[in-house]
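Coordinate inspection notes
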Amino acid sequence: MLKGKTALVTGSTSGIGLGIAQALAAQGANVLLNGFGDAQGAQAQVAAAGQAHGIAVDYHGADMSRPDEIEAMMAFGAQRFGRIDILVNNAGIQHVAKVEDFPVDKWDAILAINLSSAFHTTRLALPAMQAANWGRIINVASVHGLVASAQKSAYVAAKHGIVGLTKVTALENATTGVTCNAICPGWVLTPLVQKQVDAKAQAQGISIDDATRQLLGEKEPSQQFTTPEELGALAVFFCSAAANNVRGVAWNMDGGWAAQ
Ligand code: NAD
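Residues numbered from 1 in each chain as written. Predicted model: local features only at pLDDT ≥ 70, side-chain atom pairs only at ≥ 80, totals over all residues. Heavy atoms only, no water.

In the nomenclature of an unreviewed UniProt entry, the protein chain corresponds to 3-hydroxybutyrate dehydrogenase from the organism Comamonas aquatica.

So, in structure tokens, the structure goes:
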């Protein structure tokens, strides 16, 4: 379905980004990966997912808190693949503290990585998408783009912000073949969430299993984690012809979290 298209997935060396990159590769898209950590391992997994289509996979290590490095990555993508057709803004970090205790440098980093980076990639990707009259921008927001939780001021602010950016980008391109939508997951068991489970277990002197049950029980009615594979399938749907007129939605996949 996506043969001949190229997808850039930010923060795709682990977790949700890696899952989405694999799902797009399995549909035949070439993939440009980004993120810290095991880039080679991620490249190998994505190449394997797209093996039947003979896709090309490459990597750029831009720090998504740095506009100059984002610009270099977008230039690299254009030069390597001709154009980015599918942009998945996924890179994100978390920090948990009350507003009055929230470290200023963490606030700045979360806003830069979880929100401003998507503005930069989007502004740089749009002209080529508009010229081709086809493009897909998928912003990995969060259920925290729709509702709040205590101790997550920067994250909730950034995620509400990216839902807003999604709507504006969708509106400005509404008469074109370029769509922009957001995905709003509830809990997904990735390194980002494992850290929160571990912190809970340590703070309360309980086991990891009990901390996991408590985490799900507090917010997620299904009592189940959403998986990167399920989120990848939703991203594939947004890229399909059936989603040509899906514009500016914030689609939660949250086990009923925001329905409460
Ligand atoms: P993760 O920690 O597994 O992955 C985060 C990715 O972002 C990694 O590839 C990491 O290297 C990359 N990254 C972090 N800082 C970066 C930077 N400065 N520059 C470039 N890359 C950077 O986390 P995840 O859970 O897969 O999160 C992915 C996205 O999904 C985030 O935007 C997160 O907010 C969102 N999300 C996660 C959950 C969840 O429950 N895990 C729920 C809702 C939304």
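Alright, that's what it looks like, and here's the rest.
**Concerning the pattern of salt bridges**
Inspection of the entire model under this criterion finds seven salt bridges. A salt bridge links Arg 66 to Glu 69; the nearest nitrogen and oxygen atoms lie 3.3 Å apart. Overall, Glu 69 belongs to the partly exposed group, its relative accessible area being 25%. Notably, a salt bridge pairs Glu 218 with Lys 200, separated by 2.9 Å at the nearest N-O pair. Pair noted here: Glu 218 is in helix H7 (residues 208-219) and Lys 200 is in helix H6 (residues 191-204), with a separation of 18 residues, a long-range link. Within this structure, Arg 66, Asp 68 and Glu 69 form a network of salt bridges that share partners. (Salt bridge = Lys/Arg side-chain N within 4 Å of Asp/Glu carboxyl O. Buried < 20%, exposed > 50% of the residue type's maximum accessible area, 1.4 Å probe, protein only. Helix = DSSP H or I, 4+ residues; strand = E, 2+ residues; numbered from the N terminus.)

**Section: the state of the cysteines**
Under the defined criterion, the tally for this structure stands at zero disulfides. Its sulfur unpaired, Cys 184 is 12 Å from the next cysteine sulfur, which belongs to Cys 180. Using a relative accessible area of 0% as the deciding quantity, one classes Cys 184 as buried. (Disulfide = S-S within 2.5 Å.)

**Looking at the pairing of strand S5 (residues 135-140)**
Counting buried positions along S5 gives six out of six residues, so the element sits mostly inside the fold. With burial as the criterion, each face of S5 is covered, one bearing Gly 135, Ile 137 and Asn 139 and the other bearing Arg 136, Ile 138 and Val 140. As paired elements, strand S4 (residues 86-89) and S5 share four bridges and run parallel to each other. Pairing of Ile 86 across the sheet is with Arg 136, part of S5. In terms of handedness, the path from S4 via helix H4 (residues 104-132) over to S5 forms a crossover that is right-handed. The pairing of S5 with strand S6 (residues 178-185) spans six bridges and is parallel. Across the sheet, residue Asn 139 finds its bridge partner in S6, namely Ala 182. Crossover S5 to S6 through helix H5 (residues 153-172) is right-handed. (Pairing = 2+ DSSP bridges. Right-handed = clockwise from strand over helix to strand, strands pointing away.)

**Looking at helix H2 (residues 39-49)**
Each full turn of the α-helix corresponds to 3.6 residues, which orients residues three or four apart in the same direction. Among the residues of H2, Ala 39, Ala 42 and Val 46 are the ones counted as buried. The buried residues of H2 occupy an angular sector of 65° when the element is viewed end-on, so they sit on one face. (Arc of directions from axis to C-beta.)

**With respect to H6**
For H6, spanning 14 residues, the distance from its first C-alpha to its last is 20 Å, which sits close to the expected 20 Å at 1.5 Å a residue. Buried within H6 we find Val 193, Gln 196, Val 197, Lys 200 and Ala 201. Buried residues of H6 fall within an arc of 135° about the axis and therefore sit on the same side. When the buried face of H6 is taken as reference, the exposed residues oriented beyond 90 degrees from it are Lys 195, Gln 202 and Ala 203. (Expected span 1.5 Å × (residues − 1).)

**Here we look at the site of the ligand**
Of all residues adjacent to the ligand, which total 30 residues, the nearest are Thr 13, Ser 14, Tyr 155, Val 188 and Thr 190. Here an oxygen atom of the ligand sits 3.2 Å away from a polar atom, N or O, in the main chain of Gly 11. Between Thr 13 and the ligand, the recorded distance is 2.7 Å, taken from a side-chain N or O atom to an oxygen atom. Alone, the ligand offers 820 Å² of accessible surface; in the complex the protein occludes 93% of this. Secondary-structure elements contributing two or more residues to the shell around the ligand are helix H1 (15-26), H5 and H6. (Near = heavy atom within 4 Å. Polar contact = N/O pair within 3.5 Å; in protein donor to acceptor, adjacent residues only side chain to side chain. Areas by Shrake-Rupley, 256 points an atom, 1.4 Å probe, with all protein chains shown as cover.)

**Some thoughts on the side chain of Thr 121**
Assignment of secondary structure puts Thr 121 in helix H4. The exposure class of Thr 121 is buried, given its relative accessible area of 0%. Within the local environment of Thr 121, its side chain forms a polar contact with the side chain of Asn 89, the two groups lying 2.6 Å apart. If near-sequence neighbours (up to four positions away) are discounted, Thr 121 is found in contact with Thr 10, Met 64, Ile 70, Met 73, Met 74, Leu 87 and Asn 89. (Contact = heavy atoms within 4.5 Å.)

**Things to note about empty space enclosed by the protein**
The final tally for this structure, using the stated rule, is one cavity of 30 Å³ or more. Considered as a void within the structure, the largest cavity measures approximately 40 Å³ in volume. Every residue along the wall of the largest cavity is listed here: Asn 89, Asn 90, Ala 91, Ile 113, Asn 114, Ser 117, Ala 118, Val 140, Lys 159 and Ile 162. Of all the secondary-structure elements, those providing two or more residues to the lining of the largest cavity are H4 and H5. (1 Å grid on protein atoms, 1.4 Å probe; cavity = no way out; pocket = protein on both sides within 12 Å on 5 of 7 lines; lining within 4 Å. Points joined across faces, edges and corners; volume = space filled by probe spheres on them.)

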